[in-house]
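Below are the chains, spelled out letter by letter.
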Amino acid sequence: MNARIKGFLVGTAAAATYGLNPLFALPLYADGLDTYSVLLLRYLGAIPLLAIMIKARGRSFAIRRDQFVSVIVLGLMLGLSSLGLFLSYRYIDAGIASTLLFVYPLMVALIMAALYREKLTMQTVVCLLTALVGIFLLSHTSSGAAISAAGVFWVVVSALSYAVYIVIINRSRVNDMPTLPLTFYLLIFGSVIFIGGVVAHGELILPSRPLLWLNTFALALLPTVVSLSLTTVAIHMIGPTPTAILGVFEPVTAVIVGVAVFGEVLGMRQITGLILILGAVTMVVSGGNLAAQIVRIKKMFPPLRGRGRK
């Protein structure tokens, strides 16, 4: 097997592990945990893992004063994006939520065009319209009835927060900060949102069974540490654009998990909408420099081999 094929396999595995979020989150919901408790446990589980990796790789925890405000804002945006996605799981099927979230590259393109006057190509415009049709189809049942407006709202909040996060991180003073310490601080500041939610509810709800504690550890490990580490390896093996395109396996995995594990049902209308959205976003990512901006956010870890900060 040559290196390029291995790179595609690694990139697929990276996207697929990120799509496992609902597999571990939904059983915690069924156990009575609220969204803030689930996400706080997830972030608190990932932070020490990152700290260990920073020390193991000889990285510094230092942060410049001129980066501090940007890091706080980015952490809050990342936390808000996680909150929106996990709240949407309470209202709509996880597969539909993950597919709707996948429109964030289109939001990045619109923000860059509006604020930084980046040109919108005809291909991007067509893809935007195609994605809108897909969203309409996906947000309605096979009979034509609308799915939960609250669920769609929270997915939009999640996607928009992540799009803003991508734009800020590429335009702010943190773009030269080593990605591993950056992620460490982003999770710390992002967890402030969940701490606030727990305080407002007056209780941190913990899993009732040891097996469910494994779910919280899996949320911190697989969709965070493993997924982002494999993404970095894939970038080094096949480049940023193919790696970004392989991100299509994130919602595909979530759909498969939803149908196979949680009994979610997709009619022909939803399947058509899913295909339109995934196709439109893939065309936008493959047709321009958007991939480099998106993948920059996913490169959360330094290379496992060799030197340099990627």
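Position numbers for residues start from 1 in each chain and track the written sequence from start to end. Given that the model is predicted, a residue must reach a pLDDT of at least 70 before its local features are reported, and side-chain atom pairs must reach 80 or more before they are shown or counted; all residues, however, enter totals for whole chains, interfaces and linings. Excluded from the side-chain calculations are hydrogens and water; all other atoms, namely the structure's heavy atoms, are used.

## What about the overall build of the protein chain?
Here is step 1: Scanning the protein chain for helices and strands turns up 14 helices and zero strands.
Here is step 2: In the protein chain, the succession of α and β elements from N to C terminus is α-α-α-α-α-α-α-α-α-α-α-α-α-α.
Here is step 3: The proportion of buried residues among the 310 residues of the protein chain is 53%.
Here is step 4: Residues count as neighbours in contact if any of their non-hydrogen atoms are within 4.5 Å of one another. Of the contacts made within the protein chain by residues no fewer than 6 positions apart, 88% connect residues no fewer than 24 positions apart. The helix count covers DSSP runs of H or I at least four residues long, the strand count covers runs of E at least two residues long, and both are numbered beginning at the N terminus. Think of it in three bands: with a 1.4 Å probe and only protein chains considered, a residue is buried below 20% of the maximum accessible area for its type, exposed above 50%, and partly exposed in between.

## Side note on helix α6 (residues 104-116)
Because each turn of an α-helix spans 3.6 residues, side chains separated by three or four positions in sequence point in the same direction.
Here is step 1: Under the convention used throughout, the expected extent of a helix is 1.5 Å for every residue step, that is, one less than its residue count. Under the 1.5 Å per step criterion, the end-to-end length of α6 is 17 Å for 13 residues, consistent within 8% with the ideal 18 Å.
Here is step 2: When we look at burial in α6, the residues that qualify are Y104, P105, L106, M107, V108, A109, I111 and M112.
Here is step 3: After α6 finishes, the residue R117 shows a positive phi value of roughly 55°.

## Comments concerning the environment of E250
Here is step 1: On the secondary structure map, E250 appears in helix α12 (residues 249-262).
Here is step 2: Between the C-alpha atom of E250 and that of T99, which follows or precedes it by 151 residues, the distance is 8.3 Å.

## Digging into the side chain of T17
Here is step 1: Tracing the chain through its elements places T17 in helix α1 (residues 3-18).
Here is step 2: Contacts of T17, omitting those with residues within four sequence positions, involve L222, P223, V226 and S227.

## Things to note about the confidence of the model for the protein chain
For residues with low pLDDT, the predicted coordinates do not support detailed interpretation.
Here is step 1: Confidence of the predictor in every single residue is expressed as pLDDT, which spans 0 to 100. In the predicted model, the protein chain carries a mean pLDDT of 85, and 89% of its residues have values of at least 70.
Here is step 2: Confidence scores differ between elements of the protein chain, with helix α14 (residues 290-298) showing the lowest mean pLDDT of 66 and helix α2 (residues 21-30) the highest of 95.
Here is step 3: The low-confidence segment residues 301-310 (pLDDT under 50) makes 31 contacts with residues lying over four places distant or belonging to another chain.

## Describing the pattern of salt bridges
Here is step 1: Between Lys or Arg on one side and Asp or Glu on the other, a salt bridge is scored when a side-chain nitrogen of the former is within 4 Å of a carboxyl oxygen of the latter. All told, the structure shown has two salt bridges when counted by the stated rule.
Here is step 2: For D66, the salt bridge goes to R64, with nearest N and O atoms at 2.9 Å.

## As for the packing of helix α4 (residues 65-88) against helix α9 (residues 179-201)
Here is step 1: Put simply, α4 and α9 touch, their axes get as near as 7 Å, and they point 60° apart. Taken together, the axes of α4 and α9 lie oblique to each other. As for the relative orientation of α4 and α9, their crossing is right-handed in sense. Mapping the contact onto sequence places F68, V71, I72, L74, G75, L76, L78, G79, L80, S82 and L83 in α4 and L182, Y185, L186, L187, F189, G190, I193 and F194 in α9. Whenever a helix is involved, its axis is fitted only over the stretch in contact; in every case the axis is a line through C-alpha atoms, and angles between N-to-C directions fall within 0 to 180 degrees. Under this scheme an angle from 65 to 115 degrees is roughly perpendicular, one under 35 degrees roughly parallel, and one over 145 degrees roughly antiparallel; angles in between are oblique. By convention, the crossing between two helices is left-handed when the near helix turns anticlockwise from the far helix through less than a right angle, and right-handed when the turn is clockwise.

## So, the packing of aromatic side chains
Here the distance between the centres and the angle between the planes together describe a pair of aromatic rings.
Here is step 1: In this scheme Phe, Tyr and Trp rings, the latter by its six-membered ring, pair at centre separations within 6.5 Å, and the angle between planes marks the pair as stacked below 30 degrees, edge-to-face above 60, and tilted otherwise. Tallying each qualifying case throughout the model produces nine aromatic pairs.
Here is step 2: Taken together, a centroid distance of 5.8 Å and an interplanar angle of 90° make the contact between F68 and F189 edge-to-face. Here the residue F68 occupies a position in helix α4, and F189 occupies one in helix α9, the gap between them amounting to 121 residues.
Here is step 3: Both rings, one in F102 and one in Y104, keep their centres 6.4 Å apart while their planes meet at 90°; by these two values the pair is edge-to-face.

## Considerations on the nonpolar core
Here is step 1: Ranked by size, the top nonpolar core spans 82 residues in total, and within it V71, F86, Y89 and Y165 carry the most contacts.
Here is step 2: In terms of residue count, helix α3 (residues 35-56) provides more of this core than any other element does, eleven residues in total.
Here is step 3: Filtering out sequence-adjacent residues up to four positions away, Y89 remains in contact with N21, P22, A25, L26, Y29, A94, A97 and S98. In plain words, nonpolar cores are sets of buried Ala, Val, Leu, Ile, Met, Phe, Trp, Tyr and Cys residues tied together by side-chain atoms within 4.5 Å.

## A look at the environment of M112
Here is step 1: Take M112: it is sitting in helix α6.
Here is step 2: Sequence separation between M112 and V164 is 52 residues, and the spatial gap between their C-alpha atoms is 9.7 Å.

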